[in-house]
Structure formats: structure tokens, C-alpha cells
Amino acid sequence: MRFSISRLMAFFIVVGVMLAFAAGAAFGQSTSGVVGGTVIDPNGALMVGASVQLANPVSGYTRAAVTDNTGQFRFNNIPFDQYTVSASKNGFSTDKKQVQVYSTVPMSVAFHLEVGSVTSSVLVEGTVDTVEQDPTFHADVDRSLINHLPVESPSSQLSSIVTLASPGVAADSNGLMHGLGDHAENTFNLDGQQITDQQSKVFSNMVPATAVQSMEVIDGAPPAEYGDKTSLVVKLTTRSGQGVTVPTGSVTLSYGSFGTSNAAIDLAYGGTNGGNFIAIDGLQSGRFLDGPEFSVFHDKGNEENIFDRVDFQLGKKDSVHIDGQYTHSWFQTPNDYENIGVIDPNGNNVGNTDQRSKIGTVNFSPTLTHVINNEAVANLGFYVRRDAYNYYPSNNPFADYALDQQQESISQFRTLTNMGLHGDVSYVKGVNNAKLGGSYTQTFLRENDNIGIVDPSLNPACVDASGNPASCSSPGATANPNYNPVLAPYDLTAGGKLYAWHGRADVKELALYGEDQITAGNWMLNLGIRGDFYNGLTIQRQAEPRAGVSYDIKKTGTVLRVSYARTQETPFNENLVLSSTGCADPVLFAIFATLPAGSCAAQAVTPFNPGFRNEFHAGFGQALGRHFVINGEYIWKYTHNAYDFSVLGTTPITFPIEWSRSKIPGYAMSAALTDLKGLSVRFNASSVAARFFNPQLGGVGATPGTAGSTSAFRIDHDEHFNETTHLEYAMPFKKSLYYAFNWRYDSGLVAGASPCYNVTDPNSACGGTSININNQPYVDLSGLSPDQQFQAGLVCNGVKATPTTGTGGPVAGNPEVCLATQLTSKLIVIPAPGTEDDDKNPQRIAPRNVFDMALGDDNLFHFGDHQRYKIAARVTAINMVNKYALYNFLSTFSGTHYLTPRALTAEVSFHF
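Thresholds applied
- Residues numbered from 1 in each chain as written.
- Predicted model: local features only at pLDDT ≥ 70, side-chain atom pairs only at ≥ 80, totals over all residues.
- Heavy atoms only, no water.
- Helix = DSSP H or I, 4+ residues; strand = E, 2+ residues; numbered from the N terminus.
- Buried < 20%, exposed > 50% of the residue type's maximum accessible area, 1.4 Å probe, protein only.
- Contact = heavy atoms within 4.5 Å.
- Areas by Shrake-Rupley, 256 points an atom, 1.4 Å probe, with all protein chains shown as cover.
- Lys, Arg positive; Asp, Glu negative; His and termini not counted.
- Charge placed at Lys NZ, Arg CZ, Asp CG, Glu CD.
- Pairing = 2+ DSSP bridges.
- Axes fitted to C-alpha atoms, helices over the stretch in contact; angles between N-to-C directions.
- Disulfide = S-S within 2.5 Å.
- pLDDT = per-residue confidence, 0-100.
- Phe/Tyr/Trp six-rings, centres within 6.5 Å; stacked < 30°, edge-to-face > 60°.
- Lys NZ or Arg CZ within 6 Å of the ring centre and 35° of its normal.
- Salt bridge = Lys/Arg side-chain N within 4 Å of Asp/Glu carboxyl O.
- Core = buried A, V, L, I, M, F, W, Y, C linked by side-chain atoms within 4.5 Å.
- Patch = residues over 30% accessible without salt bridge, like charges linked within 9 Å, V, L, I, M, F, W, Y side chains within 5 Å.

**With respect to the overall build of the protein**
Moving on, step 1. Scanning the protein from terminus to terminus reveals six helices and 51 strands.
Moving on, step 2. The principal-axis extents of the C-alpha atoms in the protein amount to approximately 110 × 70 × 50 Å.
Moving on, step 3. In the protein, which comprises 912 residues, the proportion classed as buried is 58%.
Moving on, step 4. Taking the contacts inside the protein whose residues are at least 6 apart along the sequence as the reference set, 69% of them involve residues at least 24 apart.
Moving on, step 5. Accessible area for the protein stands at about 34,400 Å²; split by element, carbon and sulfur atoms hold 59% of it.
Moving on, step 6. Positive and negative side-chain charges in the protein, numbering 57 and 81 respectively, have mean positions lying 6 Å apart.

Okay, structure coming up:
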């Protein structure tokens, strides 16, 4: 039968509705499990009031409960992981058991206590196997770490936490993170809802970190239930009010550098049969985004979050779980020195550039769960997520003009709406932990742009003898041979108007999968198969086998693992219609034709075909004693049709592009010292080679490297090495008093737009800046404005560039050049003359070490019932040594951004 998305969608919905009725229309979630059971005394009687504790010392997750009148206990909302569960009571010995929670199927544990000498409950510490047997390499992060981690970005805390607390992540500006060599190919799984669109503060508003109980960051081969964007999968389990019988929460206030202030409140309350958790917070800052200058100006912003989670336990087999979120953010686009006192084409000062953005995010995701029997659970979920993005130009469009930076003024209103249905059935029996499931998602893209030319040199009708714009009535003026009449109506310097462009598309995706985790003695085997059906601006279908195996050498505390995944890589949705159809638009085609970096190959549609990837992982885990564990993994990823981002002309609007292929080998590793007399340490490191290959296959924009080449180049999120070390120490004289310290090292992302010299290597980007004068190698700096040279930290023969004066000088009629051997920078690594190679030795941001710290007390005064009411305070210092460094320089995706200058924040909170 001929494939039909609409028929499959209808079938899937019908199956989902039938499942909903079978489930009694109850809701739940599919990223956490339930652990329950009984405690029995030596005579076989059920024990009332026994203490039960569940703990994982590596992630830091702990829960405690007391058996009820029937001798039973229950832990809801337990993140997937392995734990030690212990039961104890005064006068009885402690019984401990290890459990692996990898399914929504409830787990039952029975404890038998013998008469013994133990007289109090014992906190489990260091008794759980610290090395997981799971064949999929991942890192676990709990609320206990989130609360104490010094976080760099207050408006994108979640991505900052992932970057600092898990391996394989290259840090970029504005909360953007690149997992294992790919550009933001990340999936956030929010209580079973998969969010695959970009989650940085310039694209979408993220889930607030205050709502997160724990996260699992998957660096290894993704299980079959994950698709679309799988370089990094972040499984989020949110906080719940179920079982919290006393209103529990906190009120937090903070103030810090750049006028950054934050107010937040969260509250959890419920009972055995349900509960509610709500978090509300508001932020304003004078440095909302990372800017193109180390000094901060025109960078104000604010963000408001509301997150609510509702749980109901309707019966022994049915429960209700709903997530809801609304987030609003407004922020200015940071200016550089060239955006101050902009001069229009008539020589008038029109003031400073004043570009702004507003993003509104709404998310609603109910999921229904029904316990079929003791071995099977069914889930069915529905979600709606909408991002509305507004980009506002300066009130005077000529204030948007900046020499060598922006030649057009643009406004945009874009919406990205996801509607989806997902369902699965989990089955656990004997050695099998199986899941069958599927999802259908429809994404509605609506893109509206208004663009006008503000650079008089972009498309002048006439030019003078030197090629500069001139009035056609001026003496000596001649017709411009490159004049394009298509652009004339939209040239604001010649009395034109804004060009309005509108695009829309509906992207439909269907996925079906099956997976089974088989545990047989020391062996664990993951087997899965996934089928993806993509119907967007192109159509693609992909069968994707997944497999992994691990072996646990219990005698030495060693786990060996290998895994494989075939995945379909789908295009980014942000400005996808513009990128796919822009070249077919005569006006946009003409704008790109004026750019020196390149243009559309033809006036035609340049659609994206979803790529496919084969990836291989091999690694190990090793426990050393009770408190130390190390994990490492080597990775090979080979992708056909690989994605990145570019920009619309010279505006701030970005869109996806597609390259022929990519090869990404590398490694990731993590190590942890669990709590040892108050000291705990986490270490994460990674190294990947993000090798992309010409030619560009889809999307408008320029191709780096040699035109027509099929050679490799390092994409601008390639990084040789990065590491994060987090140290935390609880003071022995007062356990609530702690000191937390971060050390982050980055070897530097690729900075391909940096000037350099090489005239012999065909795979070098230096050709445009290489010039020979009197048989001497010189670098031509005329393509960079003085401020851009200053941003790059360029120094020529000891002369530093300033925001108004370049570093080069005139030589033999060349206006601004520098002898190649005398051009240096402390912010960028410029390859020696004749050695730059886009693949083997590209220009890079200089290596940097950044240190953050926090000093806090979780219980300052111990007044009243000190377990019930607490006042906490802490002081945080980000970039405490005020490191002057860049994230990137003239990146094709995002431009130039500096690290945060030293930022101090004082915080006080009341916990109840």
C-alpha cells in the first residue's frame, strides 16, 4: 500500500484513544519509575514506622520514607538509575538491596529485618555499585548538585548546568551548547515529551532549572526511543508535589553585577493520591546576552517563568500527570562600538543601534499512564509547544547600518508550533525490560520578514571613478555595471521601502520503535529498531537499528561497553522555510548576490534532505574503592547531510544550512569522587574533531573554504579539548556551610574568519587576506573594521588595534596590511605564515581557564524547628579572575561574543 502520513496519523490517534480508554483516561509520565514494597519483622509481621531510604551516591539523589499502617512504603517519580534501598528500625538490623530503575513498571522490594544492635536509621553512603552496567554512556545530575553549582548564565541556567556537569559539551555564547561535535543537535526529554528545537536564549525559552529534580545526559548511542537530534539527549525529571504532605518550598531573592536581580518562589504540596508543584521566577539584567565587546552596553533583558506540574493518583492502576509552562523574555541585541552614534547616508547622526527581541513560549503536555499488570505499563501523551519570536529593528532603520557588519535593516515575526502524540507500552519480566512505542509530531512553521537595504554602497545606481556610490547627476559619475534593478524598490538609501517576505510549512514526523534491555548474569544487551518517516519540505524514510552490550566484571568493579546506532538527522526548524526557499525569491537572491563571501548557486529552491548517521561507541567504567568511579568512551560518528547555521545577508537572522557530510571522532570521559568526609568532586572532559565536508547542499549562504571543493574543514564548534572540574566541600564544623568551586578549561572553538597568511595550501581560508609585497608575506586587514580588529585582539609589530584605529598600516599602496610574522593576538591563535589548513590547522579562539565559586550556608540560624524552616544565603563569583576572552569571532552562526566579565551575586532564600 502506498505510504500515507495522514492515514498513519489517523491510525495512530485511534490506537492512542483506545489506549486512553483502556487506561481509564488517567495520566502519568515516562521518564521516571516507582519503587515500593514492604518491611517485615522476624516473625513475618508487617512493620509500621520503619525507615526506608533510597540513594545513589554518584548522582547525589536521596529519598526517605516511613512505612505506613500496613507496613508498606512507596517512592514516586524516581529518575531512571540504579540505587541502594535500605530499611531499618530501632532495635533491628538494617537490610539493604540494590535496585535498577529503568522502566515505568512499578518495582516491589521486600525487606526482612532481624533483631540486632542497630538503634537508629542508617543513611546509605557508598554502598551502591558506583559503575552502572548500562551499555549507554551517560551522566546523572541531581537537584543536590544543581542547588550548589555556580552557574554562569542566569537566563539559560539549564544549558549551563548541562555544559558544566556532563562530558562532551562545547560551550558557546548565550547558553548555546554543542554536543559531541554537532551544532546544537540536542534533545530535551521533559517527563517523556521530546523537545528537539534549539534551546538557547536567542531561539527559545528553556525549562526553568528550578523545576528540575534530576537529569540524565546521554552521550552514548541513543536508545531507539530517541530520534531527530541525538548527539546529546537530556532526560529531565521534574519536581513533584505528590507525597509532600506538608507545604514545602522556598522564596529566593538575589542581586548581583550588571544590575542582575532575581525573585523566585516554588511550592510543593500534596498527598498519597496526588500533588502539585509550581515554580515562578522573574529575572532582569543589564547583561542578558553575551556581547561583542567585553564592556557591557545596550544589553538589558528580562525573563519571567511559570512552571506547574500536577499529579493525581486516581487508583491503584491509574495516575494523572500534567506539565504546563509559560515563559516570556525580552532583551536587547548587544551593541559594539560601531553601533554608537551611527551616521546615515546623508551624514546625519541617527543615534545608537537599538535592536531588540521578544520570545514567548507556551508548553502543555499531559501524559497518561495505566498499570496493566505487575509486569506492564502503558503510557500515552499529548503535547503542544509554541515559540513566538519577534525581532525588532531600530526605530530609525539607518541606525541599523554598521560598516562591514550590517547592510540591511530587518524585522521578523516567527512562530514554531509543535503538536504531538506519543505512546508506549513497557514490559518487564525475567531478563527482559522491553518497550514498544511511537510518536506523531506536526510542526507548523510561520516566518515573516521585512527587509530593506541601508548601505548606500550595496546597490548604487551610479559610481564615481573610484567605484564609490555617487549621484548619477554628479560630474564623472557612470552607471554601476553591477547595479541590480530588482533591489531598487527596497533600497532605503534611495527612497525605497521594506520588502515583505512570508513563508510557511508544515513538517510531519512519524516514528515507531521497539527496544529491549536484556540482563543475563554479568551481561546486559540493548537491542532496538526505529523507523522514522519525515514529511516536510522534502520526504525521507529511515530504518534505524540500535544495539549495545556491556559486561560487568564484578570482581574488579569494571564494566566494558560497546554500542551502535543508526539515526536520522532532521533539519533545524528555525527559519527552515527561509533557508529552503530563499534562493528562489528574486529579492533575497539578489541580496545574496551582492555579498563578497558567496551567493546562491541558482535562483531556485534549495531544500534539505534529512541526513543519516552511523555512530559507534566503545568505553568502560571502573570503580576504585567505594567512593571513586571513572567512565570513558571513544566515539565515531559518520553523517551524510550534516547541518550547521548561517545568517541572512549581514543581518542578525540565522537559518540552517546543509553540508555534504561530516566525520566526528573523539572521546568523552567523566570521573566522580562521592562524598568523602564532606568532599565531593566531579570531573568531565571531551575532545572531538568536527570535520565537515564541502560542498554545501541545502540552504542559502556562503560556503567556507575553496569554492567547489570537497575538502574537509573544521566547523566553528570544533574544539580540541575541554574539561570541567567541580569541587564541593561541606565544612566539618557545620555541614550546612559549603564551598563550591568550578574550573573550566576550553582549548578554543574554530575562528575561521580570523586573518591569516597562506598562499600554497588549496584547503586554506587565508587566500582572501594573503598578499605578497616585495616578496614578503603580508596579511591584508582592510576587510576588518578597526573595532573588529580590536575585538580579535590583533597586534601588529607591537601596535594594538583600538575600537577606532586599526593595527595595520599602508604599504606600497595597500591601505592596511601587516607583515605576517608580526601579526599576533592573545585572544585568537593565528597559525604561523603558510601553515593554516581548514582541516588540520585552522584559526582558533585562544585557550582559556575560567574559575567560578560559591560560598553558602543552607541553614544559617537553626531557629525553631530547624528541619521545617531554614534561611539560606550564598555568594557566587563567576569568572572570578575576570578572564578577558572570547567565545567566538565572526562566527558564521552568531558573530563575535566575549565571556562574561567577573560577576558577583548575593542570594538569600527562605525554605519551609
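**Considerations on the sheet that holds strand 13 (residues 212–218)**
Moving on, step 1. Pairing in this open sheet of five strands is mixed, and the strands run 8-13-14-11-12 from one edge to the other. Bordering the open sheet on either side are strand 8 (138–142) and strand 12 (193–195), each of which pairs with just one other strand. Averaged over all pairs of adjacent strands, the angle between their axes in this sheet comes to 20°, without regard to strand direction.

**Let's talk about the sheet that holds strand 2 (residues 51–56)**
Moving on, step 1. Reading across from one edge, 3-2-5-6 is the order of the four strands in this open sheet, with antiparallel pairing throughout. Both edges of this open sheet fall to strand 3 (61–66) and strand 6 (95–101), since each of them pairs with a single strand only. Averaged over all neighbouring strand pairs, the angle between strand axes comes to 20°, with direction disregarded.

**With respect to helix 5 (residues 586–593)**
Residues that lie three or four places apart on an α-helix share one face, since the helix turns once every 3.6 residues.
Moving on, step 1. Among all positions of helix 5, only Val-587, Leu-588, Ala-590, Ile-591 and Phe-592 are buried.
Moving on, step 2. Those residues of helix 5 hidden inside the fold are in contact with strand 22 (408–429), strand 23 (432–453), strand 26 (499–520), helix 4 (576–581), strand 31 (628–647) and strand 32 (654–676).

**Section: the state of the cysteines**
Moving on, step 1. Using the criterion set out here, one finds three disulfides in the structure.
Moving on, step 2. Cys-756 shares a disulfide with Cys-766; S-S distance 1.9 Å. Because the sign of the S-S torsion sets the handedness, a value of about -105° for the bond joining Cys-756 and Cys-766 places this disulfide among the left-handed ones. On the criterion of sequence distance, the pair formed by Cys-756 in the loop between strand 37 (737–746) and strand 38 (770–773) and Cys-766 in the loop between strand 37 and strand 38 is long-range, its members being ten residues apart. As far as the burial class goes, Cys-756 and Cys-766 line up, both buried.
Moving on, step 3. Paired through a disulfide, Cys-796 and Cys-818 show a sulfur-sulfur distance of 2.1 Å.

**A few points about the confidence of the model for the protein**
Regions with low pLDDT should not have their predicted coordinates read in detail.
Moving on, step 1. For the protein, the mean per-residue pLDDT works out to 89, and 93% of the residues sit at or above 70.
Moving on, step 2. Here residues 8–28 is a poorly scored stretch, pLDDT under 50, and it has 42 contacts once near neighbours within four places are set aside; other chains count.
Moving on, step 3. Below pLDDT 50 for its whole length, residues 702–706 participates in twelve contacts with residues either more than four positions away or in separate chains.

**Comments concerning unusual backbone geometry**
Moving on, step 1. Note that the residue after Asn-694, namely Pro-695, is joined by a cis bond; omega there is 5°.
Moving on, step 2. With respect to the helices, strands and loops of the structure, Pro-695 is situated in strand 34 (residues 691–698).
Moving on, step 3. Phi at Asn-879 is positive, roughly 50°, even though this residue is not glycine.
Moving on, step 4. Topologically, Asn-879 is positioned in the loop between strand 48 (870–878) and strand 49 (886–891).
Moving on, step 5. The exposure class assigned to Asn-879 is buried, which follows from its relative accessible area of 1%.

**What to know about the packing of aromatic side chains**
Moving on, step 1. Applying the stated rule across the entire model yields 23 aromatic pairs.
Moving on, step 2. Centre to centre, the rings of Trp-659 and Phe-713 are 5.0 Å apart; their planes meet at 75°, and the pair counts as edge-to-face. Separated by 54 residues along the polypeptide, Trp-659 in strand 32 and Phe-713 in strand 35 (residues 712–714) bring together distant segments of the chain.
Moving on, step 3. On the basis of relative accessible area, Trp-659 is assigned to the buried category, the value being 1%.
Moving on, step 4. On the basis of relative accessible area, Phe-713 is assigned to the buried category, the value being 5%.
Moving on, step 5. Members of the aromatic cluster, connected to one another through ring pairs, are Phe-203, Phe-572, Phe-608, Tyr-643 and Phe-645.
Moving on, step 6. The positively charged end of Lys-201 is found above the aromatic ring belonging to Phe-288, 5.8 Å away from the centroid.
Moving on, step 7. One cation-aromatic arrangement involves Lys-229 over Phe-572; the distance from NZ or CZ to the ring centre is 5.5 Å.

**A closer look at the pattern of salt bridges**
Moving on, step 1. A complete count under the given rule lists 23 salt bridges for this structure.
Moving on, step 2. Put simply, Asp-746 and Arg-848 hold a salt bridge, and the shortest N to O gap is 3.6 Å. Here Asp-746 is found in strand 37, whereas its partner Arg-848 is found in strand 47 (residues 848–857), with 102 residues between them in sequence.
Moving on, step 3. Judged by its relative accessible area of 3%, Arg-848 is buried.
Moving on, step 4. Each of Arg-691, Arg-714, Asp-718, Asp-839 and Arg-844 takes part in a single network of salt bridges with overlapping partners.

**Structural notes on the pairing of strand 29 (residues 558–569)**
Moving on, step 1. Counting buried residues along strand 29, nine of its twelve residues qualify, which places the element largely inside the surrounding structure.
Moving on, step 2. Both strand 28 (residues 539–553) and strand 29 contribute to a ladder of eight bridges, which runs antiparallel. Within strand 29, the residue paired with Val-549 across the bridge is Val-562.
Moving on, step 3. Between strand 28 and the antiparallel strand that follows it, strand 29, lie four residues; Gly-557 among them carries a positive phi value of about 70°.
Moving on, step 4. The pairing of strand 29 with strand 30 (residues 611–624) spans twelve bridges and is antiparallel. Residue pairing across strands places Ser-563 opposite His-617, the latter belonging to strand 30.

**Observations regarding the nonpolar core**
Moving on, step 1. By size, the foremost hydrophobic cluster in this structure holds 55 residues, and its most contacted members are Leu-648, Phe-655 and Phe-692.
Moving on, step 2. Mapped onto this core, the elements with two or more residues apiece are strand 21 (376–392), strand 22, strand 23, strand 26, helix 4, helix 5, strand 31 and strand 32.
Moving on, step 3. Non-local contacts of Leu-648, meaning those with residues more than four positions away in its chain, are made with Ile-410, Ile-451, Leu-578, Leu-588, Phe-592, Ile-653 and Phe-655.

**Here's the deal with a nonpolar patch on the surface**
Moving on, step 1. A cluster of nonpolar side chains, contributed by Val-251, Ile-265, Ile-280, Ile-306, Tyr-326, Val-362, Tyr-869 and Phe-910, occupies part of the molecular surface with about 640 Å² of accessible area.
Moving on, step 2. Accessibility expressed as a relative area gives 40% for Tyr-326, which makes it partly exposed.

**Observations regarding the environment of Tyr-102**
Moving on, step 1. Following the sequence through the fold, Tyr-102 ends up in the loop between strand 6 and strand 7 (107–112).
Moving on, step 2. Remark: the alpha-carbon pair of Tyr-102 and Gly-33, spanning 69 residues in sequence, is separated by 7.3 Å.
Moving on, step 3. Ignoring any residue separated from it by four or fewer positions in sequence, one finds Tyr-102 in contact with Phe-80, Asp-81, Gln-82, Glu-132, Asp-134, Asn-433 and Gln-517.

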